[in-house]
Amino acid sequence: MKRNHVHFGFLNIGHLLDHLFMLIFATVAALALATDWGVSYANLIPYAMPGFVAFGICAIPAGWIADKWHRHGMIYIFFIGIGIASTATSFANSPLQIGCGLFVIGLFAAIYHPVGIAMVVQGRVKTGMPLALNGVFGNIGVAAAALVTGIIIDTFGWRAAFLVPGVISVAIGFAYVIFTRAG
């Protein structure tokens, strides 16, 4: 398999994870936290807002830093940072702590779109199909978030719903570092 196909695979997995991480909390709040913490779903959902605000607004500095510094470096930070943030969020003991964790997840999630999508089209003459395929992976992340999170909650508990994807993302991040540095 050609290196550029493997690299494209990493970028697609990154897009999937980006959207999956942003939606873990909605399922955790509905299936577990409302009961475990005795807080209504309606009162938990506002704690997700800072993460979504960071996801949108922080894309601007993420894109600027990538242009000034290094796109690969920003994708390293994305995979490893979002994984560590999600893992840390699994230790939350209050709505405020989970809100802080979601903010940091959103901060790292903001990196993917301005950096990863720029890398998907970088050096290509024909960009339609690569963007379409990358978009499919992002939508798979959206579609799979509730299912994957629900299965993990049923099997291991709500904390694992943040921990398992977090550990996987960190591992993928280190694999990406090794891959890019070997090339």
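Refer to the structure above for everything that follows.
Let me sum up the structure you'll find in this document. (Residues numbered from 1 in each chain as written. Predicted model: local features only at pLDDT ≥ 70, side-chain atom pairs only at ≥ 80, totals over all residues. Heavy atoms only, no water.)

## A few points about the overall build of the chain
Reasoning step 1: A tally of regular secondary structure across the chain gives nine helices and zero strands.
Reasoning step 2: Helices and strands appear in the chain in the N-to-C order α-α-α-α-α-α-α-α-α.
Reasoning step 3: Here the C-alpha atoms of the chain give a radius of gyration of 16 Å, agreeing with the 16 Å that 2.2 N^0.38 yields for 183 residues.
Reasoning step 4: Taking all 183 residues of the chain together, the buried fraction comes to 48%.
Reasoning step 5: Across the chain, every contact between residues at least 6 apart in sequence was considered, and the portion connecting residues at least 24 apart equals 81%.
Reasoning step 6: For the chain, the accessible area works out to roughly 9,000 Å², and carbon and sulfur atoms hold 72% of it.
Reasoning step 7: When the 8 basic and 4 acidic side-chain charges of the chain are each reduced to a single mean position, those positions are 21 Å apart. (Helix = DSSP H or I, 4+ residues; strand = E, 2+ residues; numbered from the N terminus. Rg over C-alpha atoms; globule rule 2.2 N^0.38 Å. Buried < 20%, exposed > 50% of the residue type's maximum accessible area, 1.4 Å probe, protein only. Contact = heavy atoms within 4.5 Å. Areas by Shrake-Rupley, 256 points an atom, 1.4 Å probe, with all protein chains shown as cover. Lys, Arg positive; Asp, Glu negative; His and termini not counted. Charge placed at Lys NZ, Arg CZ, Asp CG, Glu CD.)

## Section: the environment of Ser-169
Reasoning step 1: The topology assignment puts Ser-169 in helix H9 (residues 158-182).
Reasoning step 2: In this structure, the C-alpha to C-alpha distance between Ser-169 and Phe-21, residues 148 residues apart in sequence, is 9.9 Å.
Reasoning step 3: Excluding residues that lie within four positions of it along the chain, Ser-169 makes contacts with Leu-17, Phe-21, Phe-79, Ile-82 and Gly-83.
Reasoning step 4: At 2.7 Å, the side chain of Ser-169 and the backbone oxygen of Phe-79 are in polar contact. (Polar contact = N/O pair within 3.5 Å; in protein donor to acceptor, adjacent residues only side chain to side chain.)

## Remarks on the nonpolar core
Reasoning step 1: Ranked by internal contacts, the top residues of the largest apolar core, which has 49 residues, are Phe-25, Val-28, Ile-105, Trp-158 and Phe-162.
Reasoning step 2: Those elements that place two or more of their residues in this core are helix H1 (3-36), helix H4 (59-68), helix H5 (71-89), helix H6 (95-109), helix H7 (112-121), helix H8 (128-156) and H9.
Reasoning step 3: Excluding its chain neighbours within four sequence positions, the residues that come into contact with Phe-25 are Leu-33, Leu-44, Ile-45, Ala-48, Ile-98, Leu-102 and Phe-162. (Core = buried A, V, L, I, M, F, W, Y, C linked by side-chain atoms within 4.5 Å.)

## Details of the environment of Ala-62
Reasoning step 1: Turning to its location among the elements, Ala-62 is positioned in helix H4.
Reasoning step 2: Residue classification places Ala-62 among the buried residues on the basis of a relative accessible area of 5%.
Reasoning step 3: Each C-alpha atom of the pair Ala-62 and Ala-109 lies 9.8 Å from the other, and the pair is 47 residues apart in sequence.
Reasoning step 4: In this view, Ala-62 contacts Met-74, Ala-110, Ile-111, Pro-114 and Val-115; residues no more than four positions away in its chain are not counted.

## Focus on the packing of aromatic side chains
Reasoning step 1: Summed over all chains, the structure comprises eight aromatic pairs.
Reasoning step 2: Between Phe-79 and Tyr-176 the ring centres are 6.0 Å apart and the planes differ by 55°, which places this aromatic pair in the tilted class. Here Phe-79, found in helix H5, pairs with Tyr-176, found in helix H9; they are 97 residues apart in sequence, far enough to count as distant.
Reasoning step 3: Judged by its relative accessible area of 1%, Phe-79 is buried.
Reasoning step 4: Owing to a relative accessible area of 0%, Tyr-176 belongs among the buried residues under this scheme.
Reasoning step 5: Chaining the aromatic ring pairs together yields one cluster made of Phe-10, Tyr-76, Phe-78, Phe-79, Tyr-112, Tyr-176 and Phe-179.
Reasoning step 6: Sitting above the plane of the Phe-179 ring, Arg-3 keeps its charged end 3.9 Å from the centroid.
Reasoning step 7: Directly above the ring of Phe-8 sits Arg-124, whose terminal nitrogen or CZ lies 5.1 Å from the centroid. (Phe/Tyr/Trp six-rings, centres within 6.5 Å; stacked < 30°, edge-to-face > 60°. Lys NZ or Arg CZ within 6 Å of the ring centre and 35° of its normal.)

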